[in-house]
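Coordinate analysis (summary)
Here is what each chain is made of, one letter per residue.
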Amino acid sequence: MLDLQPPFRRAARADAQALAELVNIAGDGLPFYLWQQMADADQSPWEIGRERARRESAAFSYRNAIIREADNAIVSCLTGYPLADDPPSSDYSGLPAMFVPLQQLEDMASGTWYINALAAYPDHRGKGYGRELLHLAESQALELKKCGMSLIVADSNASARRLYQRAGYHERASRPMVKEAWQHPGSSWVLLVKEL
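Residues numbered from 1 in each chain as written. Predicted model: local features only at pLDDT ≥ 70, side-chain atom pairs only at ≥ 80, totals over all residues. Heavy atoms only, no water.

**Here's the deal with the environment of Gly 111**
Definition in use: By definition, any uninterrupted DSSP run of H or I lasting at least four residues is a helix, any uninterrupted run of E lasting at least two residues is a strand, and each is numbered from the N terminus.
By the element assignment, Gly 111 lies in the loop between helix H4 (100–107) and strand S4 (112–120). Distance in space between the C-alpha atoms of Gly 111 and Ala 160 is 23 Å, their sequence separation being 49 residues.

**A word on the sheet that holds strand S5 (residues 148–154)**
The test is simple: Only when DSSP finds a minimum of two bridges between them are two strands counted as paired. Between N-to-C directions, angles cover 0 to 180 degrees, with each direction set by a line fitted to C-alpha atoms, over the stretch in contact for helices. In what follows, a contact means two residues having at least one pair of non-hydrogen atoms within 4.5 Å.
In spatial order, the strands read S1-S2-S3-S4-S5-S7-S6; together these 7 strands make up an open sheet with mixed pairing. Taken across any chain shown, the strands that pair with only one partner, and hence form the sheet edges, are strand S1 (8–10) and strand S6 (170–176). For this sheet, the mean angle separating the axes of adjacent strands, direction not counted, is 25°. Both strand S2 (residues 65–70) and strand S3 (residues 73–82) contribute to a ladder of 6 bridges, which runs antiparallel. Residue pairing across strands places Glu 69 opposite Ile 74, the latter belonging to S3. Lying on the sheet, H4 is in contact with S3, S4, S5, S6 and strand S7 (188–195); it crosses S6 at an angle near 155°.

**Observations concerning the environment of Leu 78**
Relative to the elements of secondary structure, Leu 78 occurs in strand S3. As a C-alpha pair, Leu 78 and Trp 46 span 32 residues in sequence and 19 Å in three-dimensional space. Setting aside residues up to four positions removed in sequence, Leu 78 forms contacts with Asn 64, Ala 65, Ile 66, Trp 113, Ile 115, Ala 117, Leu 118, Leu 133 and Ala 137.

**Re the pattern of salt bridges**
As a reminder, the rule being used: Definition used for salt bridges: Asp or Glu carboxyl oxygen within 4 Å of a side-chain nitrogen of Lys or Arg. Exposed residues in this analysis have more than 50% of their type's maximum accessible area, buried residues have under 20%, and partly exposed residues fall in between, with area computed by a 1.4 Å probe over protein chains only.
The final tally for this structure, using the stated rule, is 9 salt bridges. A salt bridge links Glu 69 to Arg 9, with the shortest nitrogen-to-oxygen separation between them at 3.1 Å. With Glu 69 in strand S2 and Arg 9 in strand S1, the pair connects residues that are 60 residues apart, well separated along the chain. Between Glu 195 and Arg 172 there is a salt bridge, with its nearest N and O atoms 3.9 Å apart. Linking Glu 195 in strand S7 with Arg 172 in strand S6, this pair joins segments that are 23 residues apart in sequence. The class of Glu 195 is partly exposed, set by a relative accessible area of 49%. On the basis of relative accessible area, Arg 172 is assigned to the partly exposed category, the value being 43%. Here the salt bridges do not stand alone but share partners, grouping Arg 9, Asp 15 and Glu 69 into one network.

**Digging into the layout of surface pockets**
We apply this condition: In the cavity and pocket records, a cavity denotes points on a 1 Å grid over the protein atoms alone where a 1.4 Å probe fits but cannot get out, a pocket denotes an open set with protein on both sides within 12 Å along at least 5 of 7 lines, and lining residues are residues with an atom within 4 Å of a point. Grid points are joined across faces, edges and corners, and a volume is the space filled by probe spheres set on the points.
Here the largest pocket defines a volume of roughly 1400 Å³. Along its surface, the largest pocket is lined by 49 residues, and Ala 26, Gly 27, Asn 116, Ala 117 and Leu 118 are the ones closest to its centre. Looking at the lining of the largest pocket, the elements with two or more residues in it are helix H1 (16–26), helix H2 (30–38), S3, H4, S4, helix H5 (129–143), S5 and helix H6 (158–166). No other element matches S4, which puts 7 residues into the lining of the largest pocket.

**A closer look at the nonpolar core**
Across soluble globular proteins, you tend to see nonpolar side chains buried next to one another. Applied cut-off: As used here, the term nonpolar core means buried Ala, Val, Leu, Ile, Met, Phe, Trp, Tyr and Cys residues forming a set that is joined through side-chain atoms within 4.5 Å.
The biggest cluster of nonpolar side chains holds 22 residues, and the ones touching the most others in it are Leu 78, Ile 115, Leu 118, Tyr 164 and Tyr 169. Those elements giving two or more residues to this core turn out to be S4, H5, S5, H6 and S7. Sorting elements by how many residues they give to this core places H5 first, with 5 residues. Beyond its immediate chain neighbours, meaning those up to four positions away, Tyr 164 contacts Leu 118, Leu 134, Leu 151, Val 153, Tyr 169 and Leu 192. Ranked by size, the runner-up nonpolar core spans 19 residues in total, among them Ala 11, Ala 18, Phe 60 and Cys 77.

**Some points on the packing of H1 against H2**
Counted only if it meets this: Each residue is assigned to one class: nonpolar for Ala, Val, Leu, Ile, Met, Phe, Trp, Tyr, Cys and Pro, charged for Asp, Glu, Lys and Arg, and polar for all the others, Gly among them.
The interhelical angle for the contact between H1 and H2, taken along N-to-C directions, is 115°, at an axis separation of 6 Å. Together, Ala 20, Val 23 and Asn 24 of H1 and Leu 30, Pro 31, Phe 32 and Trp 35 of H2 make up the contact between the two elements. For the contact of H1 with H2, the per-class residue count stands at 6 nonpolar, 1 polar and no charged.

Interpretation note: all reported values are geometric properties and have no functional meaning in isolation.
Rendered as structure tokens:
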């Protein structure tokens, strides 16, 4: 297991609020939109986000997150996990329509270490934290002997795409977004990969 030193650490269940906020930032508000759909009348979407962050297993779980701190506060995070080496089945019939293009792209990246979310709070952007976390993600991938890295980004997220391209990622495929009532300027999801 990757040995993390300050200012980096593994996330804990107690970090659920910050993880929910940062994952929502990384997802351009899509997580919050989905949590709104999941919430009961007496629940806030943030409660759903915190519950999901506290899970012991799942893509979005504190167990898959690395935190970056500054001045004893969480400023950014990375969530990610290894994808299976064998391509999964391509039956998307039970999946909500919004998720189908995302799952199709993820399925094209089997055998890689998948970056589910990479985000910093707005007042901590431009400080190199994203590059640092990408380096840690690649170290995890190499430790697990994965063939490369992968992530999905909105076509409209120019700053994130520049960061990833500078880090050696290139476009492999794209799929049109299914937005329902989610408000977003993008039109496509883009799969970026980097060979290791």
